[in-house]
Structure formats: structure tokens, C-alpha cells
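Working through the structure, step by step
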Amino acid sequence: MFIGAELKLSNRLSLKVVIFSTFAAVPPRSNTSPKKRSVKKGRGTSKPRGRRKQRTRWPLALKLFIAAIVIITLSPLYYGYVLKTFTSSWQWIKDIGEDPFYRSYSRFGIKIPKGYVIHGIDVSYAQGQIDWHKVREMKDGDVEITFAFIKATEGLLTVDPYFKRNWREAAKTGIICGAYHYFRPKKSGTKQARFFLQTASVEQGDLPLVVDVETLDGKDPAVMRKELRAFVEHIQAKTKVKPVIYSGLSFYHDYLQGYFDDHILWIAHYHREELRIRKGHTWHFWQHSDRGKVSGINHAVDFNVFNGDSSSLKKLLIRK
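Since we're looking at a predicted model, the values are computed, not measured.

As for the confidence of the model for the protein
For the protein, mean pLDDT is 82; residues scoring 70 or higher make up 73% of the total. A low-confidence stretch, residues 1-26 (pLDDT under 50), is modelled with zero contacts involving residues beyond four sequence positions or located in other chains. Taken as a whole, residues 38-44 scores under 50 in pLDDT and shows one contact with residues more than four places along the chain or in a different chain.

As for the packing of aromatic side chains
Taken as a whole, this structure holds 15 aromatic pairs when the rule is applied. Ring geometry for F285 and F306: centres 5.2 Å apart, planes at 50°, overall tilted. Of this pair, F285 sits in strand β11 (residues 285-292) while F306 sits in strand β12 (residues 301-306); the two residues are 21 residues apart in sequence, bridging distant segments of the chain. Of the two residues examined, F285 and F306, each falls in the buried class.

Considerations on the pairing of β11
Across the eight residues that make up β11, a large majority, six, are buried. Summarising the sheet, strand β10 (residues 265-268) and β11 pair through three bridges and their orientation is parallel. Counted as the bridge partner of I267 is W286 from β11. Of the pairings in the sheet, the one linking β11 to β12 comprises five bridges and is antiparallel in character. The residue bridging Q287 from the neighbouring strand is N304, located in β12.

Structural notes on the side chain of H288
With respect to the helices and strands, the residue H288 is situated in strand β11. Here H288 falls in the buried class, since its relative accessible area comes to 0%. Leave out the neighbours within four places in its chain, and H288 touches I110, K111, I112, P113, H269, Y270, H271, F303, N304 and V305.

Description of helix α7 (residues 221-239)
With 19 residues, α7 extends 27 Å between its outermost C-alpha atoms, agreeing within 8% with the 27 Å of an ideal straight helix rising 1.5 Å per residue. Contacts from the buried residues of α7 go to β7 (176-182), α6 (189-199), β8 (210-212) and α8 (249-256). Its side-chain oxygen 2.9 Å from the backbone nitrogen of A222, D220 forms the N-cap of α7. Two residues or fewer past α7, K240 is found with a positive phi of approximately 65°.

Examining the packing of α6 against α7
The description of two packed helices rests on the angle between their axes and on the distance between the axes. Two numbers describe how α6 lies on α7: the axes approach to 7 Å, and their chain directions differ by 40°. Between α6 and α7, the interaxial angle falls into the category oblique. Seen from above, α6 lies across α7 with right-handed handedness. Counting all contacts with α6, which are made through G189, T190, Q192, A193, R194, F196 and L197, the residues of α7 involved are E227, A230, F231, H234, I235, K238 and T239. Grouping the constituent residues of the contact of α6 with α7 by class yields six nonpolar, five polar and three charged.

Rules used in this analysis
Residues numbered from 1 in each chain as written. Predicted model: local features only at pLDDT ≥ 70, side-chain atom pairs only at ≥ 80, totals over all residues. Heavy atoms only, no water. pLDDT = per-residue confidence, 0-100. Contact = heavy atoms within 4.5 Å. Phe/Tyr/Trp six-rings, centres within 6.5 Å; stacked < 30°, edge-to-face > 60°. Helix = DSSP H or I, 4+ residues; strand = E, 2+ residues; numbered from the N terminus. Buried < 20%, exposed > 50% of the residue type's maximum accessible area, 1.4 Å probe, protein only. Pairing = 2+ DSSP bridges. Expected span 1.5 Å × (residues − 1). Polar contact = N/O pair within 3.5 Å; in protein donor to acceptor, adjacent residues only side chain to side chain. Axes fitted to C-alpha atoms, helices over the stretch in contact; angles between N-to-C directions. Parallel < 35°, antiparallel > 145°, perpendicular 65-115°, else oblique. Left-handed = near helix turned anticlockwise from the far one by under 90°. Nonpolar A, V, L, I, M, F, W, Y, C, P; charged D, E, K, R; others polar.

What follows is the structure in C-alpha cells.
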């Protein structure tokens, strides 16, 4: 029994020893996670190599095409073409619903008959002091000021106070100029012509001188025509060029038609899409509006068109 007990005791002790040694081998738990060991890179370590990116090579034709596009887009001619195309397209949109022969020009504030390429104005003291550089620079669509008729004299004594300045400054901008006289039938035609020539002299490149006749002044039409004939004959003798005759459409039909048809005619007929003059007679200038707005002019101004192209206009100019 003693031996058995001893064995038992011995077994218990050995069991305890085994258990104790087992628990002793397991380290105690900790709330903190174990730190990762940092591996120092040394000579023996190497970075994993990735695949090299291959450079894309563009074909020569594509390179040339791109270069051509860049050159074109940087060219002023390209932008001029684009601007012109855009302007034309925008004008086409604005023209929707408009009369194709009598279109509105917002900048000039009036409708202008279509089909004419040369436009101009006529001015007097009524327009005040004019900035002619602004007049020349103004443009709306295909309309710009090419020529100007400028009042010089009236009757026997009146000189337009702005004539000298307008005549000088307008010519500086390249606008083609012509001077006009307001005719008074109750005064001598010859004397009026002399007075006119004392104030307005023509030079090469100017428009012919103009006589503005639009009233009878209480005189018989035959008397008016007699004095007007004396006026135009004196001007022609001195300048070697027949003067332009200006009048309203009704006045022309009633008193002038058939008497001065060999002269250049400038007819006033406002706010119409067409100038309807009787058959067999031609006109050269048409004053179609008295309500125009032009940069550099603070008052309404008359607008005109020339019945022809630039070469036809050039043939009318004074040559010496």
C-alpha cells in the first residue's frame, strides 16, 4: 500500500510538473499586437522590376496632319475666314423674316435697299461737328460709308459754316467727296454759280459739283428752269464737267424731267425698297432715308446709294 500510494503521489507530482511546464511554455497574452519587424534593405535586397511602358510612335502622315492644323489655326487668314463665316451665318439668322430687298441695319438705325454695294451720306450744318474718322470706320454687315455730299452754299450769300471743316476732314479719311449748292430760283442762276465756285473748288478724284433744286420759290416753273440752265452751263464751262442735279422724285417728275436728262441725277425718295422713276430715264444716286444714325454724327443724317459698282463710280470722278 505504501508503494502504491507513493506511485500515486509520484504520478500526481509528475502530472503537476507536466502541467506546470506546459503552462510555463505558453507566454502570457498581451493586449498589444506584436510589432512587425522592419526589414532593412541591404545590398542583398532588390526592388521588383515592373514592365517598361512602351512609347507610342505616331505615323509621319499623322504628325504632318497635326502640324498643318496647328499652322492653319494660328494663321490670321484662318481667323478672318472663321469670322467672316460666323458673321454671314449670324446675318442670315437675323434676316429670317426680313424683306430680302429692304433689310434693317440696326447700327445705322434704318432699312437699306439691297442690291447696292456703294453707300454714302450727305451733310450740312444741321449735323453739327462731325468726327469723320468714326464715320469712315463704321460698318454694319456689308454697308460702310464710301462717299459724302457736303453742303457748301445757298442762294447768293449763305455759306455753310461747317463746309470748310467737313470738306477738309472727310477727304483725309479717304471718303469720296462732292460739294453741293442749294439753288434759289428767285435769284440769278449765273450769279449763284459764281458764288458757289468761290467757295467750292473741285480737285482730281472728287465727285462733280451738285445743284440742289427742290423748290420753286414762288416762281413759274419755266423761270426756275431758265435760271437753273444758266447755273449748270456756267459750272460746266468752268469745271469742264456737267454738275449733278438733285431733286425730290415728285419735283423731278413735275418740273425737271425731259429738260435735264443728260445730267447725272440724284433723286430723293424716302423709305422705299425701290426707286421707281419713269421709264426711259436713269438715275445715279438715290437718297433713300433721312433718319440714318452714324458714329461720329450726333444728329440724323441722309443715306444714299450709288446705282453701280466701284468702277462705274470711278468714271464719274473729276479727272484733270
